[in-house]
Amino acid sequence: MIRVSGLRKSFEGVTAVEGLDFEVAHGEVLALVGTSGCGKSTTLRMLNRLIEPDAGRIEIDGRDARDVSPDALRRGIGYVIQGVGLFPHWTVAQNIGTVPRLLRWDKARVRARIEELLELFGLDPADYADKYPAELSGGQQQRVGVARAMAAEPAMLLMDEPFGALDPVTRGRLQDEFTAIRRRRGITAILVTHDMDEAFRLADRIAVMDAGQILQIDTPERLLRGPREGFVRQFVGLDDRALRILSLHRVRELSRPAADAPAPSQWVSPDDTLREAASRLIWEAGDSLAVVEEGRVTGEIRAEDIWRTGARGAP
Ligand SMILES: Nc1ncnc2c1ncn2[C@@H]1O[C@H](COP(=O)(O)OP(=O)(O)OP(=O)(O)O)[C@@H](O)[C@H]1O
């Protein structure tokens, strides 16, 4: 658990962060969003003491960050930065093994962990472990960067635009991998992103920042339904808020019972979002769709239920 209170930082008289207070619970992902220069990266870098705050307190799992040496702190916190920052003269395996080696894990354990992470991120260890960063695509490097940050199973991950500068397909795939790993393992993370869709997709809560302050910190759905200020309204994009709310919910939440049958030609899976189901219903001009798992109908989803979920005042 991370607890930040009264955090401040200025650079030569320019205020970067002004009186930040927030908490991140164990297993929670918090996204920091806001316009360029609002203090997101400075906030992250104070958490791992790459920048020392002018005032305020950072507590990580009950310990004041000032009482832990910067090196020890960073070994316990995975850090992913935009542009990856892999060591170019080290292989993929050496890059991923950096922190475990610093922590003096024995060789076999380091090797096993590297293989496990490469597999988790869809990179076959036999093909990739001994490659150098320059031999990988940008998306593969980015995956290795995230794998490296997670290698020593840190209590916390700080991610600064980890999936930025990728094509939408690769970004989507990495976001899905991150979500899958989170479900399996649990990850406590703070994610800086410029992409609101990414924040809605990955975060449990979102902090909207402006001029070094947090204007509102809330779950994606509460931000969409109740933005408290003009800036937050603008930032979360109210024009398509109904659709954004639908993308936060899954078909399984609204699936009604239906008779067992083979899958018809048009169907959705329980893990599809309501937004995907709505899009398909509009396309098919239908009122309902079969919910299918492993080739059999397991339920039915109705348009009226979906519309109600996206409506103003829905619970
Ligand atoms: N080392 C530094 N020296 C001087 N000013 C700095 C330094 N680091 C950040 N700043 C200033 O502090 C403010 C906040 O910067 P920060 O990088 O935290 O913003 P950001 O929200 O992460 O921006 P972006 O989205 O563009 O990455 C900016 O005005 C920036 O110019």
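Keep in mind the model is a prediction, meaning the values are calculated, not measured.

(A) Main features of the nonpolar core. Residues Ala-31, Ala-147, Leu-157, Leu-158, Ile-190, Leu-191 and Ala-277 are the most contacted members of the largest nonpolar core, which totals 81 residues. Split by domain, this core shows at least three residues from each of two domains, domain 1 (2-239) and domain 2 (244-310). Beyond its immediate sequence surroundings of up to four residues, Ala-147 is in contact with Ile-96, Leu-117, Leu-118 and Phe-121.

(B) A look at the site of the ligand. The environment of the ligand is made up of Phe-11, Val-14, Ala-16, Gly-34, Ser-36, Gly-37, Cys-38, Gly-39, Lys-40, Ser-41 and Thr-42. Mapped onto the shell around the ligand, the elements with two or more residues apiece are strand S2 (14-24) and helix H1 (40-47). The dominant element in the shell around the ligand, judged by the number of residues it contributes, is H1, at 3 residues.

(C) Main features of the environment of Val-208. Note that Val-208 resides in strand S9 (residues 205-210). C-alpha of Val-208 to C-alpha of Lys-40: the two residues are 168 residues apart in sequence and 9.7 Å apart in space.

(D) A look at the domain arrangement of the protein. As assigned here, the protein comprises domain 1 (2-239) and domain 2 (244-310). Computed from C-alpha atoms alone, the centre-to-centre distance between domain 1 and domain 2 is 33 Å. Contacts between the two partners involve 4 residues from domain 1, matched on the other side by 4 residues from domain 2. Across the side of domain 1 that touches domain 2, the residue classes break down as 3 nonpolar, no polar and 1 charged.

(E) Quick look at the pairing of strand S3 (residues 29-34). By the criterion of burial, S3 is predominantly enclosed, with 6 of the 6 residues buried. Side chains Val-29, Ala-31 and Val-33 of S3 all project onto a buried face; the interleaved residues Leu-30, Leu-32 and Gly-34 project onto the opposite face, where all are buried too. Relative to strand S8 (residues 189-192), S3 runs parallel, the two being bridged by 4 bridges. The partner of Leu-32 across the bridge, within S8, is Val-192. With 5 bridges joining them, S3 and S9 adopt parallel strand pairing. Opposite Ala-31, over in S9, you have Ile-206 as the bridge partner.

(F) Quick peek at the environment of Leu-157. Locating Leu-157 in the fold gives a position in strand S7 (residues 156-160). Along the chain, Leu-157 and Ala-72 lie 85 residues apart, while their C-alpha atoms are 15 Å from each other. With near-sequence residues (within four places) excluded, Leu-157 lies in contact with Gly-78, Val-80, Ala-149, Met-150, Ile-187 and Ala-189.

(G) The sheet that holds strand S6 (residues 77-80), seen in detail. On the basis of which strands lie adjacent, the open sheet formed by 6 strands has the order S6-S7-S8-S3-S9-S10 and mixed pairing. If you trace the sheet from one side to the other, it starts and ends with S6 and strand S10 (213-218), each paired once. Geometrically, the sheet is characterised by an average inter-axis angle of 15 degrees between neighbouring strands, direction not taken into account. Bridge analysis of S6 against S7 gives 4 bridges, and the strand direction is parallel. Of the residues in S7, the one forming a bridge with Val-80 is Met-159. Packing against the sheet, H1 makes contact with S3, S7, S8 and S9, and its axis sits at approximately 150 degrees to S8. Packing against the sheet, helix H7 (residues 138-150) makes contact with S6 and S7, and its axis sits at approximately 165 degrees to S6.

(H) Looking closely at the sheet that holds strand S1 (residues 2-11). If you trace the 4 strands from one edge of the open sheet to the other, you get S2-S1-S4-S5, paired in antiparallel fashion. Because the sheet does not close on itself, it has two edges, and the strands there are S2 and strand S5 (63-64). Where strand S4 (residues 55-60) meets S5, 2 bridges bridge the pair, whose relative direction is antiparallel. The residue bridging Ile-60 from the neighbouring strand is Arg-63, located in S5. Packed onto the sheet, H1 meets S1, S2 and S4 and runs at close to 60 degrees relative to S2.

The rules behind each value
- Residues numbered from 1 in each chain as written.
- Predicted model: local features only at pLDDT ≥ 70, side-chain atom pairs only at ≥ 80, totals over all residues.
- Core = buried A, V, L, I, M, F, W, Y, C linked by C-beta atoms within 7 Å.
- Buried ≥ 20, exposed ≤ 12 C-beta atoms within 10 Å, placed from the backbone.
- Domains from an automatic or database assignment.
- Contact = placed C-beta atoms within 7 Å.
- Near = placed C-beta within 6 Å.
- Helix = DSSP H or I, 4+ residues; strand = E, 2+ residues; numbered from the N terminus.
- Nonpolar A, V, L, I, M, F, W, Y, C, P; charged D, E, K, R; others polar.
- Pairing = 2+ DSSP bridges.
- Axes fitted to C-alpha atoms, helices over the stretch in contact; angles between N-to-C directions.

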